[in-house]
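Structural characterization, general
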Amino acid sequence: MRALAFFVQEGWSSLRRNLAASLAAVTALAAVLFVLLLLLLISHNILFLAARLEARKGLSVFLDPGLPPERVEELRRHFTGFREVASLRFVSRAAALADVEADLGTSRIEEILGGNPLPDTFLIEPAPGSADAAALERLAGEIGAYDGVEDVVYGRRWVEALDQGLRVVSQANGLTAGLAILAIILVLGNTLRLLVLMREEQLGVMKVIGATDAFLRAPFITAGALLCMLAAGAALICLYAGFLATRDWLAGVRFLPVHWLAFFFLGVGFVGLAGSWLTVQATLHHLARRGDSGRA
Amino acid sequence: MIAFEHVHKSYAVRRGDWVLEDLHLTVEPGELVFILGHSGAGKSTLLKLITLEERPTRGTVEVAGFRSDRIRRGEVPQLRRRCGVVFQDFRLIRDKTISENVAYCLRMTGTLEKGVVRRAVARVLHSVGLYGLRDRFPHELSGGEQQRAAIGRALIHQPPILLADEPTGNLDTRTGDEVMEVLLRLHRAGTTILVATHDEQRAQRLATRRLTLEQGRVVEDLFLRPHGTEIY
């Protein structure tokens, strides 16, 4: 713990000694992370809406007119046994007509049409994991093949559109995260390379008087992680300020939940440490080789 | 303590262009060896071979039980901590105070407890006469004081060997004498010291042994007085 505190202190003083370069790096990193956070905020809200739409996914299974109650019961047992079916509700043609009449505000439909045109229906709610377009299509095909089933209807187009939209959001998140990681490594790389080169002579002396490679690397790696954390904090503050400023115009928009923010900070910290380690390792290796070839 | 066995060193790709050629010598504990020679004679290279900053092209160097041909990468820092090093241009860390410079060197070995570090730094700075200037930065000190601070840094691990590369090269005679006085005190306390220098007069006056290099070869290896003899 003392060692960690010592290296954090050394990393911090290293950043303070090179204030201009550190501020430039924090600004650049914060800009990258702000874009990433913004996309996460948009994704979070899209996923929230999508979760509400997902709840409305379902199949309507229309039964043949005049199907005996025993067959209806048999079908109910079959369909309930499907792994993909979370719940099943039977709506009789009489109940369906009553619903329609209630919706239209009239009780004369049967009289106008000369009978009840609506079939008995099963309303099926798919199990989680079986609600994407492909799974629903497969389930509809299987159920539609049963004797006594006249037709199976589901909102195929909007289910497909929703799935497609969610895929795009997920790909955009992945792409942005990838670009953000690349940008973090590039910005960190340049900044840390600068810090290492500015202390090249000191590093040489430290090595001769017995510093281990780990001791030489550690302050720079902690400096890199500190830069990332500062940038992440700055990006978060900017995003939250923007969210508060526009909250009245964007009614219903929700801010990122705490566990998303925790993952964000952990991820940034990890990328910061890994990126710093790679850069410092490469720069020190380069300096050592340059020293060797310089003497040769 | 230090043994060179037929050591050759070349920086050139082409072999035969030796900076040091067939160096074969042993330095016993407690010796105060002055290494004399013109620029390019191989004095600094000899010191760098001891810390393994450079490796022999041929032959082996053995220092405090570590052999250059057998030492593992992870053991090199241990070897270097047995050798305090003092440079001609001091090479103190500019943005740390004198006590921080010395303390940093101690922390590098994992000694992080504040009280222990403070006491060790105070002991070393007292021994080089700089305790009163402990909170000054290097640029606030004279050349002689900076060199004494560098000696303090080299001593913080209490190394049995001290290597000094032209320690008085950047100093006037008086401050040079002050620095040499510190080295003599260490010698009297039993530290093995190797000093690379151009200064023949000081070598004649202070050394227990004088080694002269010319074009990478030892041309004179003179024992001036048995070690343990008081030098005034």
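The shown structure was predicted, so the numbers you read here are calculated from the model rather than taken from an experiment.

Section: the sheet that holds strand β3 (residues 121-126) of chain A
Residue and element names in this part refer to chain A.
- Read across the open sheet, the four strands follow the order β2-β3-β1-β4; overall the sheet is antiparallel. Among the strands making up the open sheet, the edge pair consists of β2 (85-91) and β4 (149-153). This sheet shows a mean twist of 20° between the axes of neighbouring strands, independent of strand direction.
- Relative to β3, strand β1 (residues 59-63) runs antiparallel, the two being bridged by four bridges.

Details of the packing of helix α3 (residues 98-107) of chain B against helix α4 (residues 114-127) of chain B
Residue and element names in this part refer to chain B.
- Interhelical geometry of α3 versus α4 gives an angle of 120° and a closest axis separation of 9 Å. Between α3 and α4, the angle is such that the two are oblique. For the element pair α3 and α4, the recorded crossing hand is right-handed. Together, Ile98, Ser99, Val102, Ala103, Leu106 and Arg107 of α3 and Val117, Ala120, Val121, Val124 and Leu125 of α4 make up the contact between the two elements.
- Looking at the contact of α3 with α4 residue by residue, the classes come out as nine nonpolar, one polar and one charged.

What to know about the environment of Thr97 of chain B
- Here Thr97 of chain B lies in the loop between β6 (83-86) and α3.
- With sequence-adjacent residues up to four places away left out, Thr97 of chain B is seen in contact with Arg134, Asp135, Arg136 and Phe137 of chain B.

Some points on the interface of chain A and chain B
- Each side of the interface is counted separately: chain A has 21 residues, and chain B has 22 residues.
- Buried surface at the junction of chain A and chain B, both sides included, amounts to about 2200 Å², of which 61% is carbon and sulfur.
- Counting across the chain A and chain B interface gives four salt bridges.
- For Glu10 of chain A, the salt bridge goes to Lys96 of chain B, with nearest N and O atoms at 3.1 Å.
- Between the two partners, chain A and chain B, sit six residue pairs in polar contact (both at pLDDT 80 or more).
- For the side of chain A that touches chain B, the secondary-structure elements that each account for two or more residues are α1 (2-17), α8 (200-208) and α9 (213-246) of chain A.
- Per-element tally for the side of chain A that touches chain B: the top contributor is α8 of chain A, with six residues.
- A per-class count over the side of chain A that touches chain B returns 10 nonpolar, three polar and eight charged.

Side note on the UniProt feature "domain: ABC3 transporter permease C-terminal" (unreviewed entry) in chain A
- Annotation from UniProt places "domain: ABC3 transporter permease C-terminal" (unreviewed entry) at residues 177-276 of chain A.
- Along residues 177-276 of chain A, the helical share is 84% and the strand share 0%, with 18 Å between the first and last C-alpha atoms.

Focus: the domain arrangement of chain A
- We note that the domain assignment places domain 1 (2-52 + 165-295) and domain 2 (58-154) within chain A.
- The C-alpha centroid of domain 2 of chain A is placed 55 Å from the C-alpha centroid of domain 1 of chain A.

A few points about the packing of aromatic side chains
Residues and elements named next belong to chain A.
- Evaluated as defined, the whole model comprises 14 aromatic pairs over all chains.
- With a centroid separation of 5.2 Å and an interplanar angle of 90°, the aromatic rings of Phe79 and Tyr146 are classed as edge-to-face. Of this pair, Phe79 sits in helix α3 (residues 69-80) while Tyr146 sits in the loop between α6 (133-144) and β4, and the two are 67 residues apart along the sequence.
- On the basis of relative accessibility, which here comes to 0%, the residue Phe79 falls in the buried class.

Digging into the domain arrangement of chain B
All names here are of chain B.
- Once the domains are mapped, chain B shows domain 1 (1-82 + 159-232) and domain 2 (92-158).
- Between domain 1 and domain 2, the C-alpha centre-to-centre distance is 24 Å.
- Taken together, the contacts link 13 residues of domain 1 with 13 residues of domain 2.
- Approximately 1100 Å² of surface area, both sides summed, lies buried where domain 1 meets domain 2, with 71% of it carried by carbon and sulfur atoms.
- If you sort the residues of domain 1 by the area they bury against domain 2, Arg81, Pro159 and Val182 come out on top, with a joint share of 45%.
- The tally of links from domain 1 across to domain 2 stands at one salt bridge.
- If you look at where domain 1 meets domain 2, you find two residue pairs in polar contact (both at pLDDT 80 or more).
- Counted by class, the side of domain 1 that touches domain 2 contains nine nonpolar, one polar and three charged residues.

Section: unusual backbone geometry
All names here are of chain B.
- At Phe90, a residue that is not glycine, the phi angle is positive and equals roughly 65°.
- Secondary-structure assignment places Phe90 in the loop between β6 and α3.
- Even without a glycine there, the phi angle at Gln158 is positive, about 50°.
- Mapped onto the fold, Gln158 is located in the loop between α5 (143-155) and β7 (161-165).
- What makes Gln158 exposed here is its relative accessible area of 59%.

Looking at a nonpolar patch on the surface
All names here are of chain A.
- A cluster of nonpolar residues, Leu175, Leu179, Leu182 and Leu186, forms a patch on the protein surface that exposes about 430 Å² of accessible area.
- Here Leu179 lies in helix α7 (residues 156-198).
- By relative accessible area, which is 52% here, Leu179 ends up exposed.

Comments concerning the side chain of His8 of chain B
Residue and element names in this part refer to chain B.
- Position of His8 relative to the elements: it lies in strand β1 (residues 2-9).
- Residue His8 is classed as buried on the basis of its relative accessible area of 9%.
- In this view, His8 contacts Trp18, Leu20, Glu21, Asp22, Pro56, Thr57 and Arg58; residues no more than four positions away in its chain are not counted.

Remarks on the UniProt feature "transmembrane region" (unreviewed entry) in chain A
All names here are of chain A.
- What UniProt calls "transmembrane region" (unreviewed entry) maps, in this numbering, to residues 21-42, 175-197, 218-246 and 258-280.
- As annotated, residues 175-197 has a helix share of 100% and a strand share of 0%, and its two end C-alpha atoms lie 33 Å apart.
- Within the segment residues 258-280, helix and strand shares are 100% and 0% respectively, and the terminal C-alpha atoms sit 32 Å apart.

Some words on the pattern of salt bridges
- Summed over all chains, the structure comprises 21 salt bridges over all chains.
- A salt bridge links Arg199 of chain A to Asp95 of chain B; the nearest nitrogen and oxygen atoms lie 3.5 Å apart. Placement of Arg199 of chain A in the loop between α7 and α8 and of Asp95 of chain B in the loop between β6 and α3 is noted, with the two residues assigned to different chains.
- Given a relative accessible area of 10%, Arg199 of chain A falls into the buried group.
- With a shortest N-O distance of 3.1 Å, Asp69 of chain B and Arg67 of chain B are connected by a salt bridge.
- By relative accessible area, Asp69 of chain B is classed as partly exposed at 46%.
- Three or more residues are tied together by salt bridges with common partners; here these are Arg17 and Arg199 of chain A together with Asp95 of chain B.

Conventions we followed
Residue positions within a chain follow its written sequence, with the count starting from 1. By the order in which they are written, chains take letters starting at A while ligands take numbers starting at 1. With the structure being a predicted model, the display of local features is reserved for residues of pLDDT at least 70 and the display and counting of side-chain atom pairs for 80 or more, all residues being used for whole-chain, interface and lining totals. Computation of side-chain values: all heavy atoms of the structure, hydrogens and water removed. Should DSSP find at least two bridges between two strands, the strands are regarded as paired. Secondary structure counts use DSSP, requiring at least four H or I residues in a row for a helix and at least two E residues in a row for a strand, with both numbered from the N terminus. Note on method: axes are straight lines fitted to C-alpha atoms, helices fitted across the in-contact stretch only, with angles between N-to-C directions ranging 0 to 180 degrees. Under this scheme an angle from 65 to 115 degrees is roughly perpendicular, one under 35 degrees roughly parallel, and one over 145 degrees roughly antiparallel; angles in between are oblique. Crossing handedness is read from the near helix: turned anticlockwise from the far helix by less than a right angle, it gives a left-handed crossing, and turned clockwise, a right-handed one. Only heavy atoms matter for contacts: two residues are in contact if any of them lie within 4.5 Å across the pair. Nonpolar residues are Ala, Val, Leu, Ile, Met, Phe, Trp, Tyr, Cys and Pro. Charged residues are Asp, Glu, Lys and Arg, and all others, Gly as well, are polar. The term buried area refers to how much accessible surface (probe radius 1.4 Å) is lost by two components on association, counted for both of them together. Any Lys or Arg side-chain nitrogen located within 4 Å of an Asp or Glu carboxyl oxygen qualifies as a salt bridge. In protein, a polar contact requires one atom able to donate a hydrogen and another able to accept it; more generally it is a pair of N or O atoms within 3.5 Å, and residues adjacent in sequence count only if both atoms are side-chain atoms. UniProt positions are given in the numbering used here, feature names are shortened, and annotations may be inferred rather than shown by experiment. Those domain boundaries reflect an automatic or database domain assignment. Centres within 6.5 Å make a pair out of two Phe, Tyr or Trp rings, where for Trp the six-membered ring is used; the pair is then stacked when the planes are under 30 degrees apart, edge-to-face when over 60, and tilted otherwise. Think of it in three bands: with a 1.4 Å probe and only protein chains considered, a residue is buried below 20% of the maximum accessible area for its type, exposed above 50%, and partly exposed in between. Patch criteria: residues need more than 30% relative accessible area and no salt bridge. Like-charged residues are merged within 9 Å; nonpolar side chains of Val, Leu, Ile, Met, Phe, Trp and Tyr are merged within 5 Å. Only the protein chains shown count as cover for residues, and the accessible areas themselves come from Shrake-Rupley with a 1.4 Å probe.

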